[in-house]
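# Fold and contact review
Given next are the chains, with one letter for each unit.
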Amino acid sequence: MTADGQRGGPDRRRAEVAAAAERAFRLLPAAPADLSASDERPSVPARRITADPDTVERDLMKLVLTLVELLRQLMERQALNRVDEGDLTEEEEERLGATLMLLHDRMTGLCARYGLTMDDLNLDLGPLGTLLPPPE
């Protein structure tokens, strides 16, 4: 381990990020000009955030809530791992559980306020699937 706490140092991390970016760009759909006339692909319009002034606040909230939900789910998984490993005291487990439940309740409330469901927050990433895992 290096002084910055990473295995392999910053050069290895940069190489990993570059490789991940290369894989991501390979997964991007081809531009219409790159497709030949023989390619038979269904014409499905991409879902995009509408730039309509009447819905811009709702669309922005959808994006923000999607990011918050992703982080909430990641924190929840990390908390469960820590509980399983026995890293937390009972008091810490209770406090963490109560905090995560409160955050979920607030997320549900904000979704209701803006006319969204939790399913609306699960962005379709095309060939990568959906951003959030399916609910259990």
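Residues numbered from 1 in each chain as written. Predicted model: local features only at pLDDT ≥ 70, side-chain atom pairs only at ≥ 80, totals over all residues. Heavy atoms only, no water.

## Concerning the overall build of the chain
- Looking only at helices and strands, the chain features three helices and zero strands.
- Shown N-terminal to C-terminal, the secondary structure of the chain runs as helices and strands in the order α-α-α.
- When burial is assessed residue by residue, the chain has 13% of its 136 residues classed as buried.
- The contacts in the chain between residues at least 6 apart in sequence include a share of 55% that link residues at least 24 apart.
- For the chain, the accessible area works out to roughly 11100 Å², and carbon and sulfur atoms hold 56% of it. (Helix = DSSP H or I, 4+ residues; strand = E, 2+ residues; numbered from the N terminus. Buried < 20%, exposed > 50% of the residue type's maximum accessible area, 1.4 Å probe, protein only. Contact = heavy atoms within 4.5 Å. Areas by Shrake-Rupley, 256 points an atom, 1.4 Å probe, with all protein chains shown as cover.)

## Considering the nonpolar core
- Residues Met 61, Leu 65, Met 107, Cys 111, Tyr 114, Leu 116 and Leu 121 constitute the largest nonpolar core, which totals seven residues.
- Excluding residues that lie within four positions of it along the chain, Leu 121 makes contacts with Lys 62, Leu 65, Thr 66, Glu 69, Met 107, Cys 111, Leu 116 and Leu 132. (Core = buried A, V, L, I, M, F, W, Y, C linked by side-chain atoms within 4.5 Å.)

## Let's talk about the pattern of salt bridges
- Across all of its chains, the model carries two salt bridges by this definition.
- Its salt-bridge partner being Arg 72, residue Glu 69 comes within 2.9 Å of it at the nearest N-O pair. Residue Glu 69 and its partner Arg 72 are both found in helix H2 (residues 56-85); the two are separated by three residues, about one turn of the helix.
- A relative accessible area of 6% places Arg 72 in the buried class.
- Each of Glu 69, Arg 72 and Glu 76 takes part in a single network of salt bridges with overlapping partners. (Salt bridge = Lys/Arg side-chain N within 4 Å of Asp/Glu carboxyl O.)

## Some remarks on a nonpolar patch on the surface
- Residues Leu 60, Leu 63, Val 64, Leu 67 and Val 68 make up a contiguous nonpolar surface patch of about 390 Å² in total accessible area.
- On the secondary structure map, Leu 63 appears in helix H2.
- What makes Leu 63 partly exposed here is its relative accessible area of 38%. (Patch = residues over 30% accessible without salt bridge, like charges linked within 9 Å, V, L, I, M, F, W, Y side chains within 5 Å.)

## What about H2?
- Look at H2: 44 Å from first C-alpha to last across 30 residues, which is about the 44 Å you get at 1.5 Å a residue.
- Buried residues along H2 sit against helix H3 (90-113).
- Phi for Gly 86, located one or two positions after H2, is positive at around 80°. (Expected span 1.5 Å × (residues − 1).)

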